[in-house]
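Take a look at the letters that make up each chain.
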Amino acid sequence: MSETESPQARISDIFQCRRCGHCCHGETTVSLDREDQERMVAALGMSRQEVSDRYWRITGNTVQMKIVDGHCIFYSENEGCTVHEGRPWRCAQWPLHPSILLDEANFTAIRTSCPGISRELEYDTFCAILQRLQEEHRRLTF
Ligand code: SF4
Ligand code: SF4
């Protein structure tokens, strides 16, 4: 590396998932867009109707995953996300949500709910690394 080159940003500099499952709990889940729905159907190897009947909660045009015992139907305490390859892109993006860059309050709220986000970094440093990662990856997912 030359002296003018800066080292590549690594996701692990700002985030390492602790597999606590907190983000898969709650009374609602993220919404699935059309691409998410197709990816999930393909990953599960079932018909769309079967996936819809077994796993989705549909309200008007909004498709979410069903909640069972206070968590997403795909969450397992032992295995974590059981539809990992077919999970919605918003799940794959969490917790490095773009809103972090807009407002420190968003950063604080997300860091409070996700123990995987670095506790050491100041907001500005965190944002600088996140911005570089976003520039290097078209869609930042984990
Ligand atoms: S809340 Fe954060 S650390 Fe916990 S499972 Fe979700 S992403 Fe990982
Ligand atoms: S799809 Fe997977 S990552 Fe997303 S909420 Fe459900 S269990 Fe969690």
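This text gives an overview of the structure that appears in the document. These figures come from a predicted structure and were not determined experimentally.

**Some points on the overall build of the protein chain**
- Looking only at helices and strands, the protein chain has 5 helices and 6 strands in total.
- Taken from N to C terminus, the helices and strands of the protein chain fall in the order α-α-β-β-β-β-β-β-α-α-α.
- Every one of the 142 residues in the protein chain was classed for burial, and the buried ones make up 18%.

**A short note on the site of ligand 2**
- Every residue near ligand 2 is listed here: Cys24, Thr29, Met65, Cys72, Phe74, Tyr75, Cys81, Val83, Arg87 and Cys91.
- Classifying every residue of the shell around ligand 2 gives 8 nonpolar, 1 polar and 1 charged.

**Considering the site of ligand 1**
- Inspection of the region around ligand 1 gives Cys17, Arg18, Arg19, Cys20, Gly21, His22, Cys23, Trp94, Pro95, Cys114, Pro115 and Gly116 as its neighbouring residues.
- Counted by class, the shell around ligand 1 contains 7 nonpolar, 3 polar and 2 charged residues.

**A short note on the pairing of strand 1 (residues 56-59)**
- Examined bridge by bridge, strand 1 and strand 2 (residues 62-65) share 4 bridges and lie antiparallel to one another. Of the residues in strand 2, the one forming a bridge with Thr59 is Thr62.
- Between strand 1 and strand 2, which pair antiparallel in sequence order, lie 2 residues; one of them, Gly60, sits at a positive phi of approximately 60°.

**Overview of unusual backbone geometry**
- Omega for the bond connecting Trp94 with Pro95 falls within 30 degrees of zero, at 5°, which places this linkage in the cis form.
- If you trace the backbone, Pro95 turns up in the loop between helix 3 (89-93) and helix 4 (104-113).
- The phi dihedral of Arg19 is positive, around 55°, even though this residue is not glycine.
- Relative to the assigned elements, Arg19 resides in the segment before helix 1 (34-44).
- In the Ramachandran plot, Asp69 falls in the positive-phi region, its phi being about 55° despite a non-glycine side chain.
- Structurally, Asp69 can be placed in the loop between strand 3 (67-68) and strand 4 (71-72).

**A short note on the environment of Tyr123**
- Looking at where Tyr123 falls in the secondary structure, it is placed in helix 5 (residues 123-136).
- Contacts of Tyr123, omitting those with residues within four sequence positions, involve Glu104 and Phe107.

**Some thoughts on the nonpolar core**
- Grouped together as the largest cluster of nonpolar side chains are 9 residues: Cys23, Cys24, Tyr55, Met65, Cys72, Phe74, Tyr75, Cys91 and Trp94.
- Beyond its immediate chain neighbours, meaning those up to four positions away, Cys24 contacts His71, Cys72, Tyr75 and Cys81.
- By size, the runner-up hydrophobic cluster in this structure holds 8 residues, among which are Ile14, Leu96, Phe107 and Leu130.

**Thoughts on the environment of Ala43**
- Positionally, Ala43 belongs in helix 1.
- Taking the C-alpha atoms as reference points, Ala43 and Arg111, 68 residues apart in sequence, are found 30 Å from one another.
- Setting aside residues no more than four positions away along its own chain, Ala43 makes contact with Val83, Glu85 and Gly86.

The rules we used
- Residues numbered from 1 in each chain as written.
- Chains lettered and ligands numbered in written order.
- Predicted model: local features only at pLDDT ≥ 70, side-chain atom pairs only at ≥ 80, totals over all residues.
- Helix = DSSP H or I, 4+ residues; strand = E, 2+ residues; numbered from the N terminus.
- Buried ≥ 20, exposed ≤ 12 C-beta atoms within 10 Å, placed from the backbone.
- Near = placed C-beta within 6 Å.
- Nonpolar A, V, L, I, M, F, W, Y, C, P; charged D, E, K, R; others polar.
- Pairing = 2+ DSSP bridges.
- Contact = placed C-beta atoms within 7 Å.
- Core = buried A, V, L, I, M, F, W, Y, C linked by C-beta atoms within 7 Å.

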